[in-house]
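Given next are the chains, with one letter for each unit.
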Amino acid sequence: MKTSTLFGATLCTFLAAGAHAQSSVAIYGFVDVGIRHVNNSGVGSITSEASGGYRTSRLGFRGTEDLGGGTFAGFKLEAAVGADTGTAGSTTVAGQFFNRGSYVELGNKSYGTVRLGLDLNPTYVTWFENDPWYGIGMGSAGNLFNTTQNGPLRSVFGPVSNTETTTFYTRNMVQYFSPNVGGFFGVVAYAPREGALSSAGAAQQAHFRLGYNAGGPFKAAISRATSHAQVVAAGPVSLEVDTDANASYDFGPVKLAAAWRQFKADTSKQNNYFLAATIPLHSGNLQGWYGRSKMSGTVAANLVPGTSAGSIDRDGAAMWVLGYQYFLSKRTTLYTTAAHLSNHGHSFLSLPGGPAVTIANFAGHTSTGYEVGISHAF
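The structure contained in this document is the topic of the report that follows. (Residues numbered from 1 in each chain as written. Predicted model: local features only at pLDDT ≥ 70, side-chain atom pairs only at ≥ 80, totals over all residues. Heavy atoms only, no water.)

A word on the pairing of strand S7 (residues 112–120)
On a regular strand, each side chain points to the face opposite its neighbour's, so the side chains alternate between the two faces of the sheet.
Here is step 1 of the chain: By the criterion of burial, S7 is predominantly enclosed, with 7 of the 9 residues buried.
Here is step 2 of the chain: Across 7 bridges, strand S6 (residues 101–108) lies against S7 in antiparallel orientation. Paired with serine 102 across the strands is leucine 118, a residue of S7.
Here is step 3 of the chain: Hairpin remark: S6 followed by S7, antiparallel, with 3 residues in the connecting loop.
Here is step 4 of the chain: The pairing of S7 with strand S8 (residues 169–177) spans 7 bridges and is classified as antiparallel. Paired with threonine 113 across the two strands is phenylalanine 177, which belongs to S8. (Buried < 20%, exposed > 50% of the residue type's maximum accessible area, 1.4 Å probe, protein only. Helix = DSSP H or I, 4+ residues; strand = E, 2+ residues; numbered from the N terminus. Pairing = 2+ DSSP bridges.)

What to know about the pattern of salt bridges
Here is step 1 of the chain: This structure, assessed with the given rule, holds 10 salt bridges.
Here is step 2 of the chain: For arginine 115, the salt bridge is made with glutamate 105, and the minimal N-O distance between the two is 2.9 Å. Placement of the pair is arginine 115 in strand S7 and glutamate 105 in strand S6, with a sequence separation of 10 residues. Across the pair, glutamate 105 and arginine 115 agree in class, each one buried.
Here is step 3 of the chain: The salt bridge partner of arginine 115 is aspartate 119, with a shortest N-O separation of 2.8 Å.
Here is step 4 of the chain: A residue is classified by how much of its surface remains accessible, and aspartate 119, at 7% relative accessible area, is buried.
Here is step 5 of the chain: Salt bridges sharing common partners tie together Arg58, Lys76, Glu78 and Arg100. (Salt bridge = Lys/Arg side-chain N within 4 Å of Asp/Glu carboxyl O.)

Observations concerning the side chain of serine 342
Here is step 1 of the chain: Turning to its location among the elements, serine 342 is positioned in strand S18 (residues 332–344).
Here is step 2 of the chain: Judged by its relative accessible area of 17%, serine 342 is buried.
Here is step 3 of the chain: Discounting residues that sit within four places of it in the chain, serine 342 has contacts with Gly316, Ala317, Ala318, His365 and Thr366. (Contact = heavy atoms within 4.5 Å.)

Description of the nonpolar core
Here is step 1 of the chain: Within the largest apolar cluster, 32 residues are counted, with the highest numbers of intra-cluster contacts made by Trp127, Phe145, Phe157, Phe274, Trp289, Met319 and Leu351.
Here is step 2 of the chain: Contributions of two or more residues to this core are made by S7, helix H2 (122–128), helix H3 (152–157), strand S13 (255–264), strand S14 (268–281), strand S17 (316–327) and S18.
Here is step 3 of the chain: Residues within four places of phenylalanine 274 in sequence aside, it is in contact with Trp127, Asn130, Asp131, Ala141, Ala257, Ala258, Ala259, Trp289, Tyr290 and Gly291.
Here is step 4 of the chain: Ranked by size, the runner-up nonpolar core spans 5 residues in total, among them Val304, Phe348, Val357 and Ile359. (Core = buried A, V, L, I, M, F, W, Y, C linked by side-chain atoms within 4.5 Å.)

See the structure below:
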């Protein structure tokens, strides 16, 4: 069938929906606050109250409308909330209130869904869906990489916040989600840069994701993305390639999972992986994971202050996390988490909530922390 004919048939399916549409709108969110203590060796320690140790505190609005014939429309607007201080929205991009999702979609059970707007990108979903902490707080697998370090992410995106790179969310994105056929599914996405800089979180991106989920104990996925970003208006547009894969198997008494992710720029590369386990216990879960990151190659662009161009082959980090969640109800969870991160070479990564660190005072050092808190969903 010609592409134009298939597109026309799909569009007619969407437009030929019944007149008796039904709709629903929900307000939802999490309020998560805990007490956190982080010690960065040789620098000091901080005890603080922090938002988002187990689940990101957030406020969201979502809605769907049944258009008939298996066709639906929907939307999502979601903002992060600093529940410990009462702040909301992005802390790094001015004017970005709905920083955790802002999109509209149109879908059909037989033909798939098209979504437009800001959303978690397919590559990040592949990385975080097997992380027991879903990329949140002290236990996040995202603590293994950051634009504060010399490497492919900093070379391409510069010294912006890690959350404003394409490793998490993508703005101006068009996504297509295929229906699940025999357990197999796919996602393709594209986002234009629109001439904006990485300081505004902008990048031109192309994504694909292929996965298997038949509702059984085994699940797996693989993703790949290319990102073109510009740090300064007069500077070059650089390319970063982000590739990852995951697999999990639920044995019943324990669920085991693994994930791998690689960032690659022109002359540098970073490999990240973790192994995770979840053990269901009476009224709770015992969870843990071990992860590594390793740099290779050379860097020359957007260098960390106080460093010079050259090899990053010895740089990287190792991290382990152990945590327990006790479910008071379906909505309310008590949690505790302990984590230890050790740096190698010139890496100076640290757990969130600790004293500020630099390559001068923390390269090769360790960061240790724990937290206890409560998370409530509504």
